Amino acid sequence: MTDHDVRPERTASHPGDARDLRALLEAVADALTLPFDTPNYEQQLVERAGWVQTTLRGALDEHPSGIGWNADYLRSKLTEPPADNTPQRGERS
């Protein structure tokens, strides 16, 4: 009798992989969640969406072992003070 099971061979998962993926998803959720009364709400949300896109693209393009690094990167961006985008003297808005 032959084995006709054509499912791809399962690879062993590593416990750290699930933790790293969870950490990345939590960072994404945190990045896209802002109180509505946040100053410059729309601008900050657009900026954070860009960070999320960059982070997710990095996680998808790199080896899965880099997911934790990408989660840490996004967390570090979230802890940076907001950029001061107000025009300086002599600059136009």
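Rules used throughout
- Going along each chain's sequence as written, the residues are numbered from 1 onward.
- The predicted origin of the model limits local features to residues at a pLDDT of at least 70 and limits the giving and counting of side-chain atom pairs to 80 or more, whereas totals for whole chains, interfaces and linings rest on all residues.
- Side-chain numbers here rest on the full set of heavy atoms in the structure, without hydrogens or water.
- What counts as a ring pair is set by centres within 6.5 Å for rings of Phe, Tyr and Trp (its six-membered ring), and what kind of pair is set by the plane angle: stacked under 30 degrees, edge-to-face over 60, tilted for all other angles.
- Only protein chains enter the area calculation, which uses a 1.4 Å probe; residues under 20% of their type maximum are buried, those over 50% are exposed, and those in between are partly exposed.
- Strands are runs of DSSP state E lasting at least 2 residues, helices are runs of H or I lasting at least 4, and numbering of each runs from the N terminus.
- By convention a nonpolar core is built from buried Ala, Val, Leu, Ile, Met, Phe, Trp, Tyr and Cys residues, the set being connected through side-chain atoms within 4.5 Å.
- Any two residues having at least one pair of non-hydrogen atoms within 4.5 Å are treated as being in contact.
- Expected span of a helix, by definition, is 1.5 Å for each gap between consecutive residues, and there is one gap fewer than residues.
- Arc definition: directions from the helix axis to the C-beta atoms.
- Residues scored as charged are limited to Lys and Arg (positive) and Asp and Glu (negative), so that His and the chain ends carry no count.
- Salt bridge criterion: a side-chain nitrogen from Lys or Arg within 4 Å of a carboxyl oxygen from Asp or Glu.

Counted under the stated rule, the structure contains two aromatic pairs. Here the aromatic rings of Phe36 and Tyr41 are separated by 5.5 Å at their centres, their planes lie at 45 degrees, and the arrangement is tilted. Relative accessible area serves as the criterion here: at 17%, Tyr41 is assigned to the buried category. Taking the centre distance of 5.7 Å and the plane angle of 10 degrees together, the rings of Trp69 and Tyr73 count as stacked. Linking Trp69 with Tyr73, this pair stays in helix 3 (residues 67-79), spanning four residues, or about one helical turn. Judged by its relative accessible area of 28%, Tyr73 falls in the partly exposed class.

Let us now look at the environment of Ala49. Here Ala49 is to be found in helix 2 (residues 41-61). Residue Ala49 is classed as partly exposed on the basis of its relative accessible area, which comes to 34%. Once the C-alpha coordinates of Ala49 and Ala31 are considered, the two residues, 18 residues apart in sequence, prove to be 7.4 Å apart.

The biggest cluster of nonpolar side chains holds 11 residues, and these are Leu24, Ala27, Val28, Ala31, Trp51, Val52, Ala59, Ile67, Ala71, Leu74 and Leu78. Of all elements in the fold, only helix 1 (15-31), helix 2 and helix 3 reach the threshold of two or more residues within this core. Once residues lying within four places of it in the same chain are set aside, the contact partners of Trp51 are Leu74, Lys77 and Leu78.

This part covers helix 2. Since the α-helix turns once every 3.6 residues, residues separated by three or four places project in the same direction. Taking 1.5 Å of rise per residue, 21 residues should cover 30 Å, and helix 2 covers 30 Å from first to last C-alpha, within 8% of that figure. Restricting attention to buried positions, one finds in helix 2 the residues Tyr41, Gln44, Arg48, Trp51, Val52, Thr55, Gly58 and Ala59. End-on view of helix 2: buried residues confined to an arc of 130 degrees, all on one side of the axis. Turned more than 90 degrees away from the buried face of helix 2, the exposed residues are Glu42, Val46, Gln53, Leu60 and Asp61.

It is worth spelling out the side chain of Arg48 at this point. Mapping Arg48 onto the fold places it in helix 2. Notably, Arg48 is buried but unbridged: the nearest opposite-charge side chain belongs to Glu47, and the N-O separation is 6.7 Å. If sequence neighbours within four positions are ignored, Arg48 has contacts with Asp30, Ala31, Thr33, Leu34 and Leu78.

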